[in-house]
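Residue-level structural notes
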Amino acid sequence: MSETLRPRLNALEAAWVIARRDFVAVLFSRAFLFFLLGPLFPVIVGGLAGAIGGEVQREAVSVEIGLAMSEADNAAMLAAGARLAPQLGGALPSLRTVPEAAGDPAFDARAFMEARRGNYAAIVTGTLAEPGMVGTAGQLRRWKGPVALIAGHAQEAAPTAFPEVTGAVVTTSAAAERSSRIQTAQIAQMLLFLLTMLLAGMVLSNLVEEKANKIIEILAAAIPMDAVFTGKLFAMLAVSFVGIGVWGLAAWGLWTIGSEAIIASTGFDIARLPAPAVGWPLFIALGVIYFAMAYLLLGALFLTIGAMANTVREVQTLSMPVTMMQLMVFFLAAYTIKQPGSGLELAAIAFPLSSPFAMLARAAMDPNLWLHAVALAWQGLAVLALVKGGSLLFRKRVMKSGNAGRVRRGWFARSAAPAAEPAE
Amino acid sequence: MAVSEQGLAGNRVGGFSAIPVDARPLAIEAKGLVKSFDGTRAVDGVDIAVPEGAIYGILGPNGAGKTTTLRMLLGIIDPDQGVRRVFGHDRPHDIGRLIGYLPEERGLYPSMKAVEAIAFMGALRGLSLKEGRKRAGELLERHGLGHAADRQIRQLSKGMAQTVQLLGTLVHRPRLVVLDEPFSGLDAINQGKLEVMIRALADEGVTVIFSTHVIHHAERLCEGVAIIAGGRVPYAGSVEAARDRIPAQVRLETRAREGAWVAALPGDTRRNGDFFQFSLPETGVEPLLRQLIEGEAGILSLSIERAGLHDAFVAIAGEAAARQLEADTQGDRA
């Protein structure tokens, strides 16, 4: 009856068989559709509401340009802006006199902007005939034309020519740059944490389901348990990428149709997010890799728990400490953002579960790449160790009795049983 | 795991004293297997040798250590002590392609179609999905389940789902099939079908090893059995040799109830309704018959029956284990 075929699958092939089944089964399940839609519902509803009100908000809460000209010029600019607004609407910025500049001939608009005082996209200085603007390069590019238009109309009702606006780009110091990159690091860390926590739980429920289906013993008999674990981890990682892809697309769509409303209502503009030290392309690539590592690490831990638990209640009880620990390591990594090179930051990098978070923050702040290679190798080793340890624990603690021991099986039941009888 | 025991070196039926030594290589060979859980020995020094092509039963009550033994033999768990070899390999996973395993706790993915479930189990053993699906279709047709090929497992009856799982165990055409309590949960008709299937496998040269707490299945099917009780194996050998371990039983029916002739009955005589029952004396029944006739016992009937596996089990594993076995069997029926 037998045939001359290879006597067994190698570890990768075995993991692939598991991963393929799990990926397809999860992806095409109704539960996954609801899982995907879950986070999208509030976002979509919010996005639609934002898009509907976007036009109104664009005018109501448009970008504000500060005026630091003479009192008369300020008044002329405000009047011209008011005259033009009904025709041009959101194409023009809101104008507002900078109170700090009033009556201060020594007012330094550049210093004012660099000190991040006020809430202006840019400040107009000089005269109506020779206006100047202080702001970031992006803001200058955006608002030079409209400001020239307003200044021209401020000089005469029907101007035939418009003054040239000279720009002064606000430069940021190294300290200011680091300070602003912290924002990028924090946002990236938070995103990584949320995605990991949201998605890693799938691994846990997958294994519990497998145990409920009682198919786990068939898998354990056919292929090594670490191949089962590896297959499950990577299947769920792939499913996570699908989820992130869907959410990412939804977020991109939402941003496209309602960015101004989002900026207006939250004050968050992704375009103004400071560029990370390693540059955006590499930062995004590292983000994907560190997400994979964080997911695999937490997933391997959850798999071990899932292997030991028999019921949803047990899973919840056992996973709670891990979730709390993950929160703590996230806080540790977040806390060390402002302490690059400190012992605490190195500890956060060295501890496998916090390492992806700490290293992603590093990528935002520090252009050196060699540490990423070391950290990734270390995290990979930790994943391997966790998978091996989890599968060993599974073989030792779970596969320990047959029919006779069914009631006793599992972590809690084991501890509850005063003395185990010989197993079936 | 190093194999250093002398009995394992040749990988031939050698230390398997109760089955005549033959030239067949061993499919499974285990020596001194020990496994403890939480300080309690679940399996305590199990020796088993199963020649290729045999149907072999592991017989014992629930909790005796059958499943743990099978799991050790298959490499699902490792023994604390002892050695095991499957087709001469220390690590059964290395030859997973040659093994089919049906665990006691039946398990299938409820949302999978029957044909896909079988193909998936084949894929676990190295079969391509395409080939697995093809064979699954053929197997389902052959076993009268062709109409259910595209039905989800959750839509099948329990018996059909069990058949699907059994077919999944066989789809990659293994050389060794290990079945843990395969008759459990099946009705009489399906039990009969399974017996036929097991015999057919053996006819094709496949080694079949199954655990059971139902003596009749082992007695009808097995060439060899290991009787297991309390984690130990007091007997491993052929069914015939086990039955020969105890003398044939004599059942005697007489017209007279009492008389001097009663003193002539052997010492182990017990009353069983209208019958006297005792072991066949070494001298045979003729001298006893003469005494009964002279004593005017009035013989109505006398039969000599060879001991069954149940009697052998009682003699080998003890009354307590036998009672437990019967209770398990009745529990199944209930």
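Since the model is a prediction, treat every value here as computed from it, not as a measurement. (Residues numbered from 1 in each chain as written. Chains lettered and ligands numbered in written order. Predicted model: local features only at pLDDT ≥ 70, side-chain atom pairs only at ≥ 80, totals over all residues.)

**A word on the overall build of chain A**
Note the cut-off: Secondary structure follows DSSP: runs of H or I at least 4 residues long count as helices, runs of E at least 2 residues long count as strands, and numbering of each begins at the N terminus. Buried means a residue has 20 or more other C-beta atoms within 10 Å of its own C-beta, exposed means 12 or fewer, and partly exposed covers the counts in between; C-beta atoms are placed from the backbone. We call two residues in contact when the distance between their C-beta atoms, placed using the backbone, is within 7 Å.
Scanning chain A from N- to C-terminus turns up 14 helices and 5 strands. For chain A, buried positions account for 39% of its 424 residues. Summarising the internal contacts of chain A: among those between residues at least 6 apart in sequence, 73% fall at separations of at least 24.

**Re the overall build of chain B**
The secondary structure content of chain B amounts to 11 helices and 13 strands. For chain B, the proportion of its 334 residues judged to be buried stands at 46%. Within chain B, residue pairs in contact and separated by at least 24 positions form 71% of the contacts whose partners lie at least 6 positions apart.

**Let's talk about unusual backbone geometry**
Residue and element names in this part refer to chain B. We note that arginine 173 has phi near 55 degrees; this positive angle belongs to a residue other than glycine. Its place among the elements puts arginine 173 in the loop between α5 (158-170) and β6 (176-180). One non-glycine residue, glutamate 296, adopts positive backbone phi at about 55 degrees. Tracing the backbone shows glutamate 296 in the loop between α9 (286-294) and β13 (299-305). On the basis of neighbour count, glutamate 296 is assigned to the partly exposed category, with 13 C-beta atoms found within 10 Å.

**Some points on the packing of helix α9 (residues 280-308) of chain A against helix α12 (residues 355-365) of chain A**
A packed helix pair is summarised by two numbers, namely the angle formed by the two axes and the spacing between the axes. Residues and elements named next belong to chain A. Stated precisely, the cut-off is as follows: To obtain each axis, a line is fitted to C-alpha atoms, and for helices this fit is confined to the stretch in contact; angles are then taken between N-to-C directions over 0 to 180 degrees. Each angle receives one of four descriptions, namely roughly parallel if under 35 degrees, roughly antiparallel if over 145, roughly perpendicular if within 65 to 115, and oblique otherwise.
Between α9 and α12, the shortest axis-to-axis distance is 9 Å and the interhelical angle comes to 175 degrees. Classified by the angle between their axes, α9 and α12 sit roughly antiparallel to one another. Where α9 approaches α12, its residues Phe283, Leu286, Gly287, Tyr290, Met293 and Ala294 are matched on the opposing element by Pro356, Phe357, Met359, Leu360, Ala363 and Ala364.

**Describing the environment of serine 111 of chain B**
Residues and elements named next belong to chain B. Within the secondary structure layout, serine 111 lies in the loop between β5 (99-102) and α3 (114-124). Serine 111 sits in the partly exposed class, given 15 other C-beta atoms within 10 Å. Residues serine 111 and glutamate 195 lie 84 residues apart in sequence; the distance between their C-alpha atoms is 29 Å.

**Structural notes on the sheet that holds strand β10 (residues 249-254) of chain B**
Strand-to-strand pairing in sheets goes through backbone hydrogen bonds, with the strands running parallel or antiparallel. Residue and element names in this part refer to chain B. Threshold: A pair of strands is labelled paired if DSSP reports no fewer than 2 bridges between them.
Strands sit in the order β11-β12-β10-β13 across an open sheet of 4 strands; the sheet is antiparallel. Looking at strand neighbours, the two that pair on one side only are β11 (270-272) and β13, the edges of this open sheet. Averaged over all pairs of adjacent strands, the angle between strand axes in this sheet comes to 25 degrees, irrespective of strand direction. Relative to strand β12 (residues 275-279), β11 is paired through 3 bridges, and the arrangement is antiparallel. Residue pairing for β12: arginine 271 is matched across the bridge by phenylalanine 276.

**Observations concerning the nonpolar core**
Filter applied, for reference: Nonpolar cores are built from buried Ala, Val, Leu, Ile, Met, Phe, Trp, Tyr and Cys residues. These are joined into a set through C-beta atoms within 7 Å.
Counting 163 residues, the largest nonpolar core has Leu219, Leu297 and Ala300 of chain A together with Ala114, Ile118 and Ile227 of chain B as the members making the most contacts within it. Among the elements that take part in this core, α9 of chain A stands out by supplying 17 residues, more than any other. Residues in contact with isoleucine 118 of chain B, not counting those within four places in the same chain, are Gly132, Ala136, Leu139, Val164, Leu167, Gly168 and Val171 of chain B. Membership of the second largest hydrophobic core comes to 30 residues, among which are Met77, Met133, Trp143 and Ala154 of chain A.

**Section: the sheet that holds strand β4 (residues 81-86) of chain B**
All names here are of chain B. Read from one edge to the other, the open sheet built from 3 strands follows the order β2-β1-β4, with strand pairing classed as antiparallel. The strands lining the two open edges of the sheet, one partner per strand, are β2 (40-51) and β4. Pairwise comparison of adjacent strand axes, ignoring direction, gives a mean angle of 15 degrees for this sheet. For strand β1 (residues 26-37) and β4, the ladder comprises 5 bridges, and the chain directions are antiparallel. Following the sheet pairing, valine 34 is matched in β4 by glutamine 81.

**Side note on helix α1 (residues 11-27) of chain A**
To keep things clear, this is the line we draw: One less than the residue count of a helix, multiplied by 1.5 Å, gives the span that helix is expected to have.
Relative to the 24 Å expected for 17 residues at 1.5 Å per residue, α1 of chain A spans 24 Å between its end C-alpha atoms, a close match to the ideal helical length. Taken as a whole, α1 of chain A has its buried residues at Ala14, Ala15, Val17, Ile18, Ala19, Arg21, Asp22 and Val26 of chain A.

**Things to note about the environment of aspartate 226 of chain A**
All names here are of chain A. Tracing the chain through its elements places aspartate 226 in helix α8 (residues 225-266). The exposure class assigned to aspartate 226 is buried, which follows from the 20 C-beta atoms found within 10 Å. Residues aspartate 226 and tryptophan 247, 21 residues apart in the sequence, show an inter-C-alpha distance of 31 Å. Discounting chain neighbours no more than four positions away, the residues touching aspartate 226 are Val387, Lys388 and Ser391.

**Notes on the pairing of strand β5 (residues 166-169) of chain A**
Residue and element names in this part refer to chain A. Rules: By definition, the crossover connecting two strands over a helix is right-handed if that path, from the first strand to the second, turns clockwise as seen with the strands pointing away from the viewer.
The pairing of strand β4 (residues 131-135) with β5 spans 4 bridges and is parallel. Residue glycine 132 lies in a different strand from β5, and its bridge partner there is threonine 166. The handedness of the β4 to β5 crossover, carried by helix α5 (residues 137-155), is right-handed.

**Let's talk about the confidence of the model for chain B**
Residue and element names in this part refer to chain B. Counted only if it meets this: Scored from 0 to 100, pLDDT reflects the predictor's confidence in each residue.
Chain-level pLDDT for chain B is 86 on average; 91% of the residues reach the 70-or-more range. Of the regions scoring below 50 in pLDDT, residues 1-21 engages in 40 contacts with residues more than four places distant in sequence or in other chains. This prediction of the complex comes with two scores: 0.70 for pTM and 0.77 for ipTM.

**Observations concerning the pairing of β2 of chain B**
All names here are of chain B. Sheet topology note: the β1/β2 ladder contains 9 bridges and is antiparallel. Among the inter-strand pairings, phenylalanine 37 is bridged to a residue of β2, identified as threonine 40. Between the end of β1 and the start of β2, which pair antiparallel, lie 2 residues, with aspartate 38 showing a positive phi angle near 55 degrees.

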